[in-house]
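# A look at the structure
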Amino acid sequence: MLSADLPRYMAGAALNLVIALVIVRFVYYPVTQDKRYVLTFVVFSTITYFVLGLLTSVDLSIGVGFGLFAIFSILRYRTDEMPPREMTYLFVFIALPIMNSVLMNDSEVAKLLASNAFVIVVLFVLEKGWGFKFEESKRVTYDRIELVAPDRREELMADLKARTGLEITSIEVRRMDLLRDVAELKISYSD
């Protein structure tokens with residue numbers, strides 16, 4: 001026998017999936033061009049929705065849902081360290097289904113649509129960098145140690161720009177190895 005809540009429950013699942021796909025396809029992927037986390041984000045979001053939807057349907061407290069959320073948040077795939085941007089998106093894809101399942105269960109469709117739209121707009125604006133200047137940084141091992149001297153900073157900057165093709169904004173000397181004639185540098189560049 002089908003529950004009367006089943007259509008609303010499945011409509012919430014479909015809406016959650018559409019929101020996850022919109023964020024992944026139109027906000028995250030165009031910026032990163034990285035397919036490695038697409039499956040993770042969409043599946044995490046979908047499974048979290050169903051688990052929390054089931055938890056709210058069996059009259060368990062929302063505290064149990066947040067406990068599950070905490071467990072998911074602590075979980076990390078130990079094979080690869082996830083960069084901060086991807087960890088942020090994973091957090092979004094864990095939080096959205098919690099919000100969606102609770103609001104859908106309470107028949108708060110207007111709040112659900114407004115909340116999801118707001119999250120998408122915020123992510124889109126931040127990823128486009130509107131009003132913000134983002135810098136990335138990398139650590140590099142540099143073999144022309146003679147250019148690391150303070151009076152040759154401009155030459156160092158020009159050499160690193162030519163070698164990396166990046167618009168370098170700052171250079172920090174992290175460590176020098178005079179035995180091997182290399183320096184470890186942290187370079188910052190405009191994204």
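Keep in mind that what you see is a predicted model, and the values were worked out from it rather than measured.

Here is what the cut-offs are and how they apply
Residues numbered from 1 in each chain as written. Predicted model: local features only at pLDDT ≥ 70, side-chain atom pairs only at ≥ 80, totals over all residues. Heavy atoms only, no water. Pairing = 2+ DSSP bridges. Helix = DSSP H or I, 4+ residues; strand = E, 2+ residues; numbered from the N terminus. Axes fitted to C-alpha atoms, helices over the stretch in contact; angles between N-to-C directions. Core = buried A, V, L, I, M, F, W, Y, C linked by side-chain atoms within 4.5 Å. Buried < 20%, exposed > 50% of the residue type's maximum accessible area, 1.4 Å probe, protein only. Contact = heavy atoms within 4.5 Å.

### Overview of the sheet that holds strand 2 (residues 168-177)
An order of 1-3-2 is seen for the three strands of this open sheet, with the pairing classed as antiparallel. Edge positions in the sheet fall to strand 1 (135-142) and strand 2, since each has one partner strand and no second. For this sheet the average axis-to-axis angle between neighbouring strands, irrespective of direction, equals 20 degrees. Of the pairings in the sheet, the one linking strand 1 to strand 3 (residues 182-190) comprises eight bridges and is antiparallel in character. Its bridge partner lying in strand 3, Lys138 is registered against Ile187.

### Thoughts on the nonpolar core
In terms of nonpolar packing, the biggest core is built from 20 residues, with Ile23, Phe41, Tyr89, Phe93 and Leu123 touching the most fellow members. When contributions to this core are tallied by element, the ones reaching two or more residues are helix 1 (6-32), helix 2 (38-57), helix 4 (84-105) and helix 5 (109-128). Ignoring any residue separated from it by four or fewer positions in sequence, one finds Ile23 in contact with Tyr28, Tyr89, Val92, Phe93, Leu96, Val119, Ile120 and Leu123. Counting residues in hydrophobic clusters, the runner-up holds 12 residues, among them Ile145, Val148, Ile168 and Ile187.

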